Amino acid sequence: MGLINLIYDYEKKNLQVKIVYYGPAMSGKTTSIKQLFSYFNKEENLNSIDSTVGRTLLFDFGVLQFKGAEWSLKFLIYSATGQDFYASTRPATLNGVDGLIFVVDSRAQCLQHNLRSWNELKTMFKNEFYNLPIVISLNKYDKADPQKLNEFEFLSEINFNMFKFISINKTIAIEGKGVLDSFNRVITFIFPQLTLKMSITN
Ligand SMILES: Nc1nc2c(ncn2[C@@H]2O[C@H](COP(=O)(O)OP(=O)(O)OP(=O)(O)O)[C@@H](O)[C@H]2O)c(=O)[nH]1
Ligand SMILES: [Mg+2]
């Protein structure tokens, strides 16, 4: 799987970046994306393919576009389905990804699910995994059991120090807490100079 896929269109002065929310089933990927789009008042730009019970069937997808003085910057934002029934669609969702937000379910009982999902990424990207900008969102932090320190166990299992661009952020997606911060961190890895103060378009 190739990295550094930023798509430049010099003619239109347009830059396209793909960000994927990944993680185990029910960790809060769709909730995080919805919060992100609602932060920018762009809920109508987000398409989800849901079952009747609100589980993601294939992916969520939406575009956030920011306009600078000269260039416009287009973020294609996806969440992969966490449901194993649709696991075969996950590599396609990841194809051409520029940055990942890995949404962990911080509850103690979810450690194995988190690790399994993480190891899926490792298998798919092989050594390139370590070059990929990643923000680990320790989500459902409201439900984390401070006695069990699940998140530290997760972090100690993943060779954290081997990654070039990695960051950890505690989030409570249902309350919108930390969601924008995770997004900002991943795009700062991709564009160290960028601050998203540009005005948003369409
Ligand atoms: N307590 C708590 N619940 C959350 C949080 N984030 C999401 N949830 C709930 O967890 C459930 C699953 O959230 P989703 O956003 O649908 O999870 P998902 O990762 O998209 O799930 P799949 O698409 O099935 O893989 C929903 O009931 C959410 O309301 C959080 O930070 N805290
Ligand atoms: Mg979902």
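Before reading further, recall that the structure is shown in the block above.
The structure contained in this document is the topic of the report that follows. (Residues numbered from 1 in each chain as written. Chains lettered and ligands numbered in written order. Predicted model: local features only at pLDDT ≥ 70, side-chain atom pairs only at ≥ 80, totals over all residues.)

Concerning the overall build of the protein
Link 1 in the chain: On a plain count of helices and strands, the protein comes out with five helices and nine strands.
Link 2 in the chain: Of the regular secondary structure in the protein, the N- to C-terminal order runs β-β-α-β-β-β-α-β-α-β-α-β-α-β.
Link 3 in the chain: Taking all 202 residues of the protein together, 37% fall into the buried category.
Link 4 in the chain: Put simply, of all contacts in the protein between residues at least 6 apart along the chain, 70% involve residues at least 24 apart. (Helix = DSSP H or I, 4+ residues; strand = E, 2+ residues; numbered from the N terminus. Buried ≥ 20, exposed ≤ 12 C-beta atoms within 10 Å, placed from the backbone. Contact = placed C-beta atoms within 7 Å.)

Considering helix 1 (residues 29-39)
Link 1 in the chain: Counting buried residues in helix 1 gives eight out of 11 residues, a clear majority hidden from the surface.
Link 2 in the chain: All of the buried residues along helix 1 are Lys-29, Thr-30, Thr-31, Ser-32, Ile-33, Lys-34, Gln-35 and Leu-36.
Link 3 in the chain: Within two residues after helix 1, Asn-41 carries a phi angle of roughly 55°, on the positive side.

Brief notes about helix 5 (residues 179-190)
In an α-helix, one full turn covers 3.6 residues, which means residues spaced three or four apart are oriented alike.
Link 1 in the chain: The terminal C-alpha atoms of helix 5 lie 17 Å apart, and with 12 residues this matches the ideal 16 Å at 1.5 Å per residue to within 8%.
Link 2 in the chain: Val-179, Ser-182, Phe-183, Arg-185, Val-186 and Ile-187 are the residues of helix 5 that are buried.
Link 3 in the chain: Against strand 2 (14-22), helix 1, strand 6 (99-105), strand 7 (134-139) and strand 8 (166-170) lie the buried residues of helix 5. (Expected span 1.5 Å × (residues − 1).)

Some thoughts on the pairing of strand 6
Link 1 in the chain: Across the seven residues of strand 6, seven count as buried, placing the element largely inside the fold.
Link 2 in the chain: Burial along strand 6 is two-sided: the residues Gly-99, Ile-101, Val-103 and Asp-105 and Leu-100, Phe-102 and Val-104 are all buried.
Link 3 in the chain: Bridge analysis of strand 6 against strand 7 gives six bridges, and the strand direction is parallel. The residue of strand 7 that forms the bridge with Asp-105 is Asn-139. (Pairing = 2+ DSSP bridges.)

Digging into the nonpolar core
Link 1 in the chain: Val-20, Leu-100, Ile-101 and Phe-102 are the most contacted members of the largest nonpolar core, which has 36 residues in total.
Link 2 in the chain: Those residues within four positions of Leu-100 in sequence are excluded, and the remaining contacts are Val-20, Tyr-22, Leu-132 and Ile-134. (Core = buried A, V, L, I, M, F, W, Y, C linked by C-beta atoms within 7 Å.)

Comments concerning unusual backbone geometry
A negative phi holds for most residues other than glycine; trans holds for most peptide bonds.
Link 1 in the chain: In the Ramachandran plot, Met-26 falls in the positive-phi region, its phi being about 65° despite a non-glycine side chain.
Link 2 in the chain: Topologically, Met-26 is positioned in the loop between strand 2 and helix 1.
Link 3 in the chain: For Met-26, a count of 18 C-beta atoms within 10 Å corresponds to the partly exposed category.
Link 4 in the chain: Unlike most non-glycine residues, Lys-140 shows phi in positive territory, near 55°.
Link 5 in the chain: Looking at the element boundaries, Lys-140 is found in the loop between strand 7 and helix 4 (150-156).
Link 6 in the chain: Judged by local crowding, Lys-140 falls into the buried class, with 22 C-beta atoms found within 10 Å.

Side note on the environment of Thr-188
Link 1 in the chain: With respect to the helices and strands, Thr-188 occurs in helix 5.
Link 2 in the chain: On the basis of neighbour counts, which here come to 18 C-beta atoms within 10 Å, the residue Thr-188 falls in the partly exposed class.
Link 3 in the chain: Separated by 55 residues in sequence, Thr-188 and Pro-133 have C-alpha atoms that sit 9.3 Å apart.

Here we look at the packing of helix 1 against helix 5
Link 1 in the chain: Between helix 1 and helix 5, the shortest axis-to-axis distance is 9 Å and the interhelical angle comes to 85°. As judged from the angle between their axes, helix 1 and helix 5 are roughly perpendicular. Across from Ser-32, Gln-35, Leu-36 and Tyr-39 in helix 1, the residues of helix 5 making contact are Val-179, Leu-180 and Phe-183.
Link 2 in the chain: Broken down by class, the residue content of the contact of helix 1 with helix 5 amounts to five nonpolar, two polar and no charged. (Axes fitted to C-alpha atoms, helices over the stretch in contact; angles between N-to-C directions. Parallel < 35°, antiparallel > 145°, perpendicular 65-115°, else oblique. Nonpolar A, V, L, I, M, F, W, Y, C, P; charged D, E, K, R; others polar.)

What to know about the environment of Phe-163
Link 1 in the chain: Counting through the fold element by element, Phe-163 comes out in the loop between helix 4 and strand 8.
Link 2 in the chain: What makes Phe-163 partly exposed here is the crowd of 16 C-beta atoms within 10 Å.
Link 3 in the chain: Beyond its immediate stretch of four places on either side in the chain, Phe-163 contacts Tyr-130 and Ile-134.

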